[in-house]
Amino acid sequence: AKTRHYTFNIRYQNVTKLRHTVRVLTVNHQLPGPPLVAREGDRVLIKVINHVAENVTIHWHGVRQLQTGWADGPAYVTQCPIQTGQSYTYNFTLNGQRGTLLWHAHISWLRATIHGPIIILPRRNESYPFENPHKEVAIILGEWFNVNPESVIQQALQTGGGPNVSDAYTINGHPGPLYNSSSKDTFKLKVKAGNTYLLRLINAALNDELFFSIANHSLTVVDVDASYIKPFQTDVVLLSPGQTSNVLLKTNPNFPINSTFLMAARPYFTGQGTFDNSTTVGILHYGPGHSPLPTPITTLIPNLPAINDTNFVTNFSRKLRSLATAKFPVNVPQTVDKQFFFTVGLGTAPCPKNATCQGPNGTKFAASVNNISFALPSTAILEAYFSRRANGVYRTDFPVKPVFPFNYTGTPPNNTLVSNSTSLVVLPFNASVEVVLQGTSILGAESHPLHLHGFNFYIVGEGFGNFDPNKDPANFNLVDPVERNTAGVPAGGWIAFRFFADNPGVWFMHCHLDVHTSWGLRMAWIVLDGPKPNQKLPPPPADLPKC
Ligand code: C2O
């Protein structure tokens, strides 16, 4: 195994898209940012230098961070932000994982423009458990705002309405020809007939689950969230924000040189309110040579499911099964020590004075887990925990069951107000944990992609309506459930997942739709040290930023 060094310089950059020039934050002047490339087992050190006025942190989304909780990155959870003129070196090992993940800023909405791929190749002497591709390509789906995304979140927080939606989706930073004056800004992938390509798909959008497809080509999904699955063919892939997937693309040996096809992404959305329902397209071109835009462009867009096609989404997620071989076994708890039932969804909060709020009855929108909107403290929880100074920073009384139970997929309760608290759940080291996440449809049934830091979990069950503790567990899959770090709680339904709490530290869990995170759909776990030295959280690194 190797040690790999990276330097990330955070700077402003003027970026022009859709005829709007916006001063955005970037890493090393790149949008999307530079890829981290390493092999399984490598140690990676990334020195992040903040040259801007804003505070910054970076999260390595999906990296297990075993014993390296100080490198996880969520602001005020595992670290204080890196302030102007300061730097912090994230230092961790990529153990037991191979595939594609993403890194992104983890403070406010800075991840809109501060994000990039993490590519974990198999160990040098190991191969993929599927056909070796001729070439690998990262495909990052993102969003573009014609204004500074930070002004959008300010509005979403103040009025609890909106937020203003993005102005375009992008493929590797390019909106593509369906947007006004954007046809030159199009992603192109040049391929050869009869070859196999590994596409490393990443959804880095802030607030949108996205369908992805390539016209006249089917895709073979071979992994999700850097875990191998039983391969299956599909025309369309769904990615929630924060999710990643490796898919094989076989080019047709019979397509002639200069054949051109469109790839496209557009949202899956079941909630209420406005959203960006535009489509980004890129070009798949059988090279060599120059690739003109095909005309007329609209007839060549691949068939994507309808915007609210929950049937497609359900069928797609049911196809995801862990590879579950001797070499890549599943490690799903067969029995459970700690059981949690959490409601996740939207609620309301009082409208601030002098504001016009957009929630029901003049309230502003809020979001919660078990009716609690998690409040971020002004110092890092992990530091307070490590130095045993919880007082005034956090509490450990997070409810294991909803505070006000009601029929979650029936008539909404009269009171939808959430309460605020920095309350955590404490787990003994190596506890086997089961979490049922019940979507509430108080304010429009919407799917919530929940992300857990520091762990992968196994999705043992999912369904629609209210979870039934007497019936549903009988159908749990404890044989080959898919292993993920981010999973969509279906609109008007639930998921159940299990994991072993084998990683000491403080771990964030939240909806990966950034507007819901900001509104409070977030919580955190403390996992206690185990008895052995390699089961304890080591002390913080010397350069850990101060608040
Ligand atoms: Cu990818 Cu806490 O986030």
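The residue count restarts for each chain, going from 1 along the sequence in the order it is written. Whole-chain, interface and lining totals are the exception, using all residues; otherwise, since this is a predicted model, local features are given only for residues with pLDDT of at least 70 and side-chain atom pairs are given and counted only at 80 or more.

**Student:** Would you mind going over the overall build of the chain with me for this structure?
**Tutor:** Comment: elements are numbered from the N terminus, with helices defined as DSSP H or I runs of at least four residues and strands as E runs of at least two. What the chain contains, in helices and strands, is four helices and 32 strands. Radius of gyration means the value over C-alpha atoms here, while the globule rule gives 2.2 Å times the residue count to the 0.38 power. Over its C-alpha atoms the chain spans a radius of gyration of 22 Å, differing by no more than 12% from the 24 Å that the globule rule assigns to 547 residues. Looking at the 547 residues of the chain, the share that counts as buried comes to 49%. C-beta atoms are first placed from the backbone for all residues, and any pair lying within 7 Å is then listed as a contact. Once local pairs closer than 6 in sequence are excluded, the contacts in the chain between residues at least 24 apart make up 78%. Exposure is read from a count of other C-beta atoms within 10 Å of each residue's own; the residue is exposed at 12 or fewer, buried at 20 or more and partly exposed in between. C-beta atoms are placed from the backbone.

**Student:** Would you mind showing me how to read the domain arrangement of the chain here?
**Tutor:** A common measure of how large an interface is: the accessible area buried when the components associate. The source of the domain bounds is an automatic or database domain assignment. Per the domain assignment, the segments of the chain are domain 1 (1-126), domain 2 (127-320) and domain 3 (338-535). Using C-alpha coordinates to define each centre, domain 1 is positioned 25 Å away from domain 3. The interface of domain 1 with domain 3 comprises 15 residues on the first partner and 17 residues on the second. Note on residue categories: nonpolar means Ala, Val, Leu, Ile, Met, Phe, Trp, Tyr, Cys or Pro, charged means Asp, Glu, Lys or Arg, and polar means any other residue, Gly included. Here the residues of the side of domain 1 that touches domain 3 are counted per class, giving seven nonpolar, six polar and two charged.

**Student:** Whenever I open this one, the sheet that holds strand 4 (residues 43-50) confuses me. Can you help?
**Tutor:** Strand pairing in a sheet relies on backbone hydrogen bonds. The paired strands run either parallel or antiparallel. For two strands to count as paired, DSSP must find a minimum of two bridges between them. Taken in spatial order, the four strands line up as 2-1-4-6 in an open sheet, and their pairing is mixed. Looking at the sheet topology across the chains shown, the edges are occupied by strand 2 (20-27) and strand 6 (87-93). Averaged over all pairs of adjacent strands, the angle between strand axes in this sheet comes to 20°, irrespective of strand direction. Alignment of strand 1 (residues 3-17) against strand 2, held across eight bridges, turns out to be antiparallel. Opposite arginine 11, over in strand 2, you have threonine 26 as the bridge partner. The angle between two axes is taken between their N-to-C directions and runs from 0 to 180 degrees, where each axis is a line fitted to C-alpha atoms and a helix contributes only its stretch in contact.

**Student:** Help me understand the environment of tryptophan 519 in this model?
**Tutor:** Within the secondary structure layout, tryptophan 519 lies in helix 4 (residues 514-519). The spacing of tryptophan 519 and phenylalanine 374 is 145 residues in sequence and 8.8 Å in space, taken between C-alpha atoms.

**Student:** Explanation requested: the pairing of strand 27 (residues 457-464) in the structure shown.
**Tutor:** Working note: regular strand, side chains alternate between the two faces of the sheet. Burial of strand 27 is extensive: six of the eight residues sit out of reach of the surface. The sheet contact formed by strand 27 and strand 28 (residues 483-484) spans two bridges and is antiparallel. Looking at the pairing, tyrosine 458 lines up with glutamate 483 of strand 28. In the sheet, strand 27 pairs with strand 30 (residues 493-500) via six bridges, with the strands oriented antiparallel. Pairing of tyrosine 458 across the sheet is with arginine 498, part of strand 30.

**Student:** When you look at the sheet that holds strand 29 (residues 486-489) in this model, what are you seeing that I'm missing?
**Tutor:** Spatial strand order, 24-32-31-26-29: five strands in an open sheet with mixed pairing. Looking at strand neighbours, the two that pair on one side only are strand 24 (425-427) and strand 29, the edges of this open sheet. The sheet shows a mean angle of 25° between the axes of neighbouring strands, direction not considered. Here three bridges tie strand 26 (residues 448-452) to strand 31 (residues 505-511), and the two strands are oriented antiparallel to one another.

**Student:** Which parts of the structure should I look at to understand the pairing of strand 9 (residues 135-144)?
**Tutor:** For strand 9, the buried fraction is high: seven of the ten residues fall into the buried class. Note: strand 9 against strand 12 (residues 196-203), seven bridges, orientation parallel. Looking across to strand 12, one finds that isoleucine 140 is bridged to isoleucine 202. The pairing of strand 9 with strand 10 (residues 168-171) spans four bridges and is antiparallel.

**Student:** Help me understand the confidence of the model for the chain in this model?
**Tutor:** The predictor's confidence in any single residue is recorded as pLDDT, a number from 0 to 100. Averaged over the chain, the pLDDT score is 94; the fraction of residues at 70 or greater is 98%. What the predictor reports for the complex is a pTM of 0.97 with an ipTM of 0.99.

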